[in-house]
Amino acid sequence: MDGQQVRDWEAHCIEESPPACNAACPVHVDVRGMMELLRQGDFKVAQALYSRIIPFPAIIAALCDHPCEGACKRGEAGDPIRIHELERACVDAANGFVAAPFRTNKQLAKKRIAVVGAGISGLCVAAELSIKGHRVVVFEAQPQAFARLRDDPRLPAGAIDADLARFAGTGVELRLGEAIALATLTTLADEFDAVYLGLGPTAQPALDGVLALTADARIAIDPLTFATSHPKIFAGGSQRQSAADVLSELPPHSPSQASPHSPRTASPYSPIGSLHDGRYAAQSIDRLLQGASLTASRDNQGPQPTRLYINTARFAPLPAVQPADAQRGLSRTEAIAEAARCFPCHCLECVKVCPFLEHFGAYPKRYVREIYNNETIIMGPRKTNRLIDSCTLCGLCAEVCPEHLAMGEVCLSARQGMTAKGKMPPSHHDFALRDLAYSRSDAFALARHQPGFASSAVLFYPGCQLAASSPEQVEQTYAHLCATIAGGVGLLFGCCGAPAQWAGRQDLFGEVRADFDRQWQELGRPLVLTACSSCYRMIADHHPEVAQESLWSVLARSALPAGAAQRSTALAIHDPCATRHDTAIHDGVRQLADRCGISTVELDGPQLSSCCGFGGLASFVSPAITDRIVDRCIGQNDADYLTYCAMCRDNFARRGKRAVHVLDLLFPATGDAAARPDPGFSQRQENRGRLKRRLLRELWSETVNEPANAIELSISAEVHADLERKLILEDDLRQTIAHAEASGAKLIDRQSGHFIASHRLVSMTYWVEYSLAEGRYIVHRAYSHRMQLESTP
Amino acid sequence: MSEKPPAPSDSELICAKCQLPLVLGKVTANYLGNDFPVDLLRCPGCGFTYVPEALALGKMLDVERALEDK
């Protein structure tokens, strides 16, 4: 995997982007986290969370101009969360709030900083730098700190004292009533390591000649670093906010969202804006003292838009909780109810629709990083192998992702990397690749012109799994095509290579692709009529020179087969994931259904179709996950399903959903097609082989004998289901029993009289417990392991 | 037709060829180039080694998976 590609993938996942409230807050209070805690009634931890970000919680909770509420996405489904009211309730002494003292870092080498002005920004600088271990002296001309706020009727009694009490033990020296002569400010800068000026909103003509000033005689302040023209002097707060040229930079605020307790006045003064200045000016001063860059890595500073997406249409509108006592504000119970209205904001659009992404407990950004770490790890276990191989590669995540991130691309790339390094667990794809080998073998592979033709106008390519599931319908479809298409209909059986591609086996996929190309060339490069959606995808994506059309589009244009069903039924239509964007195929199948009298009910529509679990070979790696994927899919509608992928139909049937294939409509058989069971892996191979042999005999008049099975098996439904889960084929059992019977190497269970045999076939050792009755071998149990055993003398 | 019976009892197993009851013996298990000594039931005559289902699908599978992810 390419590192840059990995970063691009990560950047496309927006789940870690901040919620709108957090992004709009100048100091990024974790509102979502607070709401989660408050809804659980955990006021204590919510208070700690708030107090960690807000140095003066009692004051800010009362006075904050709450730009967060204007950004709150709940406002798109009812009223925005009353965040300001909830902050007030959070720091209410009645809810047990006590502001903890600041914890200062005693370990650092201390510098001396002077702060001029004991308002919100100045005291915020003092708090931040004392926490970092510096010694701070605050000069305030007024006899009290926070002098400007003391007459504000919105402040509860004791709020200022409670917040000032946080300085206890910090060593911050508060020199009240001590004015600094601004004309001699540079002397202060000489005496201290850095100076912060929080001078309030008034013009400062006295600083002319000491610091660069704006046109209206406010200090000229860099809005990113809060630096002034003097390298050791920083400034901010309402001095910066009141300068005419920065009014437009103030945090967004919607007066309509204001609570009755914090009406925004015509003044541009923003308490949270001052806190913002103090917070980030302190950061600059600390950087100056450490000799670090003042400007680097400040992208997330201050209010900003967020990329986090939330589908608010999913939520029913809810009005805000109204406090019974408007003056008192939200009670504890009311606060819990109001916090419970928070969604909370998360994207997770892909995780909501994909049991695979949900199963591993995180979201794509985390998965991409884990997958990259898995590939680049030098020592230790590769813990993400199973995650990588559990993706169906269906592409639904990219459809629902606001940024169209496709986890299938990530997982496929990782699989290719794993196979290239020899790190792909052999057990993951071994069974599926053996089935691919069967499809390519003489047992099934076939490339012929129509009998009596020396060339082919078109080539019917049914795919391996349709032939495995419904061999009779493949035969009927071929006969129908031969009867309706002039110029010869060739027939091609084999594998499109999808399992090799999904397994990350680029070498094998290259071989299969070359085989297909060779056969197609030898048949005269005819138009390929593809029945299987996965084959269609492989040919479209990897054989640009091959002209192909979906069988369903072709059939939709011609007369229906003579025996096609005519019934008035509603079926819910499930489109295979591999062709979710191929509208001609969707239309063709719907037309065929319509002409058979079927009214189709749409599920989520073709584009948002989910995989049946076969895609990406995921069902061979994590069957429990793919069962949940199928169950989600079949739970969408109570009607019988109509599909046009053999694996979709059979997987739905396996999980108990009544489902028909479109060929069941065109070539109906006797019996209830929707109740047809999943044939299972052994029957799938048997069906393919038998189909080829029958066609060779009946269409091409060749002499082909059916193989004689010396070992006749008898298997109960329970044992059959167990063999399916364990990916054991009947042929594996036959070979094992034949080996035991020929060699005599077997055990006898004296209690049951059963034989127990084992046999090593390529990379697996199979065990079969069986008995013999009337010439048939009754299979009671079978299992396998990969480990090889050697007796020690 | 068959049904899955309870797992065979170790003490009831005899080797069909040698007609001997199985005894515990040293066996080397190998996977992906890693060897492990294990004690398993085997025929003292021909050495046929028995792996019960619970072992194959339990500890043995766990070790196989751990080695595959190594």
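Everything that follows concerns the structure shown earlier in this document.
Residues numbered from 1 in each chain as written. Chains lettered and ligands numbered in written order. Predicted model: local features only at pLDDT ≥ 70, side-chain atom pairs only at ≥ 80, totals over all residues. Heavy atoms only, no water.

J.: Mind laying out the overall build of chain A, listing which residues take part and the relevant values?
T.: Tallying secondary structure elements over chain A gives 34 helices and 20 strands in all. The C-alpha atoms of chain A give 37 Å as radius of gyration, which overshoots the globular expectation for 793 residues (28 Å, by more than 25%). Its C-alpha atoms give chain A principal-axis dimensions of roughly 110 × 75 × 50 Å. The contacts in chain A between residues at least 6 apart in sequence include a share of 71% that link residues at least 24 apart. With the model as given, the accessible surface of chain A reaches about 32,000 Å², and the carbon-plus-sulfur share is 52%. Charge-centre separation for chain A: the mean point of 80 positive side chains lies 3 Å from the mean point of 88 negative side chains. (Helix = DSSP H or I, 4+ residues; strand = E, 2+ residues; numbered from the N terminus. Rg over C-alpha atoms; globule rule 2.2 N^0.38 Å. Contact = heavy atoms within 4.5 Å. Areas by Shrake-Rupley, 256 points an atom, 1.4 Å probe, with all protein chains shown as cover. Lys, Arg positive; Asp, Glu negative; His and termini not counted. Charge placed at Lys NZ, Arg CZ, Asp CG, Glu CD.)

J.: Tell me what's going on with the interface of chain B and chain A, and back it up with residues and numbers.
T.: If you look at the interface, chain B gives 44 residues, while chain A gives 45 residues. Summed over the shared surface of chain B and chain A, the result is 2 salt bridges. For Lys726 of chain A, the salt bridge goes to Glu53 of chain B, with nearest N and O atoms at 2.5 Å. Summed over the shared surface of chain B and chain A, the result is 16 residue pairs in polar contact (both at pLDDT 80 or more). Elements that contribute at least two residues to the side of chain B that touches chain A include exactly strand E1 (13–15), strand E2 (23–31), strand E3 (34–42), helix H1 (53–56) and helix H2 (59–68) of chain B. Ranked by residues supplied to the side of chain B that touches chain A, first place goes to E2 of chain B with 6 residues. (Salt bridge = Lys/Arg side-chain N within 4 Å of Asp/Glu carboxyl O. Polar contact = N/O pair within 3.5 Å; in protein donor to acceptor, adjacent residues only side chain to side chain.)

J.: Account for H2 of chain B, with residues named and values stated.
T.: Within H2 of chain B the residues assigned to the buried category are Met60, Glu64, Leu67 and Glu68 of chain B. Down the axis of H2 of chain B, the smallest arc covering the buried residues is 100°, so these residues share one side. (Buried < 20%, exposed > 50% of the residue type's maximum accessible area, 1.4 Å probe, protein only. Arc of directions from axis to C-beta.)

J.: Break down the packing of aromatic side chains for me, citing the residues and quoting the values.
T.: To describe a pair of aromatic rings, you give the distance between the ring centres and the angle between the ring planes. All names here are of chain A. According to the stated counting rule, one finds 20 aromatic pairs over all chains in the structure shown. Taking the centre distance of 6.3 Å and the plane angle of 10° together, the rings of Phe460 and Tyr478 count as stacked. Pair noted here: Phe460 is in strand E7 (residues 458–461) and Tyr478 is in helix H22 (residues 471–484), with a separation of 18 residues, a long-range link. Note on accessibility: Phe460 and Tyr478 belong to one class, buried. Through successive ring pairs, a cluster of aromatic residues spans Phe56, Phe102, Phe146 and Phe167. Directly above the ring of Phe192 sits Arg112, whose terminal nitrogen or CZ lies 4.3 Å from the centroid. When the ring centre of Trp700 is taken as reference, the NZ or CZ atom of Arg448 above it lies at 5.6 Å. (Phe/Tyr/Trp six-rings, centres within 6.5 Å; stacked < 30°, edge-to-face > 60°. Lys NZ or Arg CZ within 6 Å of the ring centre and 35° of its normal.)

J.: How would you summarise the pairing of strand E2 (residues 135–140) of chain A if you had to cite specific residues and measurements?
T.: All names here are of chain A. Taken across its 6 residues, E2 has 5 buried, putting it largely inside the fold. Relative to E2, strand E1 (residues 112–116) runs parallel, the two being bridged by 5 bridges. When the bridges of E2 are listed, Ile113 appears paired with Val136. Handedness of the crossover is the feature at issue here: the chain leaves E1, passes through helix H8 (residues 120–131), returns alongside E2, and the resulting connection is right-handed. Sheet analysis places E2 next to strand E3 (residues 173–176), joined by 4 bridges and oriented parallel. Considered in E3, the bridge of Phe139 is made with Arg175. Of the crossover connections in this fold, the one passing from E2 over helix H9 (residues 159–164) to the parallel E3 is right-handed. (Pairing = 2+ DSSP bridges. Right-handed = clockwise from strand over helix to strand, strands pointing away.)

J.: Break down the pairing of strand E11 (residues 569–573) of chain A for me, citing the residues and quoting the values.
T.: Residues and elements named next belong to chain A. By the bridge criterion, 5 bridges tie E11 to strand E12 (residues 598–602) in an arrangement that is parallel. Looking at the pairing, Thr569 lines up with Ile598 of E12. A crossover connection joins E11 to the parallel E12 through helix H27 (residues 583–595); in handedness this β-α-β unit is right-handed. For E11 and strand E13 (residues 641–643), the ladder comprises 2 bridges, and the chain directions are parallel.

J.: Kindly report on the sheet that holds E11 of chain A, identifying the contributing residues and their values.
T.: All names here are of chain A. In space, the 4 strands of this open sheet follow the order E12-E11-E13-E14, with parallel pairing throughout. Unpaired on one side and paired on the other, E12 and strand E14 (659–661) mark the two borders of the sheet. Each strand axis lies, on average, 40° off the axis of its neighbour in the sheet, ignoring direction. Sheet contacts for helix H30 (residues 646–654): E13 and E14; angle to E14, the most-contacted strand, approximately 160°. (Axes fitted to C-alpha atoms, helices over the stretch in contact; angles between N-to-C directions.)

J.: Quick rundown of empty space enclosed by the protein? Include the residues and the values.
T.: All names here are of chain A. Applying the stated criterion to the full structure yields 7 cavities of 30 Å³ or more. Volume-wise, the largest cavity comes out at about 120 Å³. Taken together, 14 residues form the lining of the largest cavity, with Cys21, Cys72, Ile81, Cys342 and Cys345 sitting closest to its centre. Elements represented by at least two residues in the lining of the largest cavity include exactly helix H2 (20–24) and helix H3 (31–39). In terms of residue count, the dominant contributor to the lining of the largest cavity is H3 (3 residues). Taken together, the residues of the lining of the largest cavity break down into 11 nonpolar, no polar and 3 charged. Around the second largest cavity, the lining comprises 13 residues; the ones closest to its centre are Cys354, Phe356, Cys391, Cys394 and Cys397. Listed by contribution, the elements that provide at least two residues to the lining of the second largest cavity are helix H15 (355–359), helix H18 (396–400) and helix H19 (407–420). In the lining of the second largest cavity, the residues fall into 10 nonpolar, 3 polar and no charged. (1 Å grid on protein atoms, 1.4 Å probe; cavity = no way out; pocket = protein on both sides within 12 Å on 5 of 7 lines; lining within 4 Å. Points joined across faces, edges and corners; volume = space filled by probe spheres on them. Nonpolar A, V, L, I, M, F, W, Y, C, P; charged D, E, K, R; others polar.)

J.: Requested: an account of the pattern of salt bridges, with residues and values cited.
T.: Residues and elements named next belong to chain A. A full pass over the atoms with the stated rule returns 54 salt bridges over all chains. The closest approach of N and O atoms between Arg415 and Asp389, which form a salt bridge, is 3.2 Å. A residue pair is termed long-range when its members are at least 10 positions apart, and Arg415 in helix H19 and Asp389 in helix H17 (residues 385–389) qualify at 26 residues. Both residues of the pair, Arg415 and Asp389, belong to the buried class. The partner of Arg697 in a salt bridge is Glu706, and the shortest N-O contact between them spans 3.2 Å.

J.: Just give me the short version of the environment of Ala457 of chain A, but keep the residues and values in it.
T.: All names here are of chain A. Secondary-structure assignment places Ala457 in the loop between strand E6 (446–448) and E7. The spacing of Ala457 and Pro526 is 69 residues in sequence and 5.5 Å in space, taken between C-alpha atoms. Apart from the residues within four sequence positions on either side, Ala457 is in contact with Ala486, Gly487, Gly488, Pro526 and Leu527.

Scope: geometric values only; no functional claims are made or implied.
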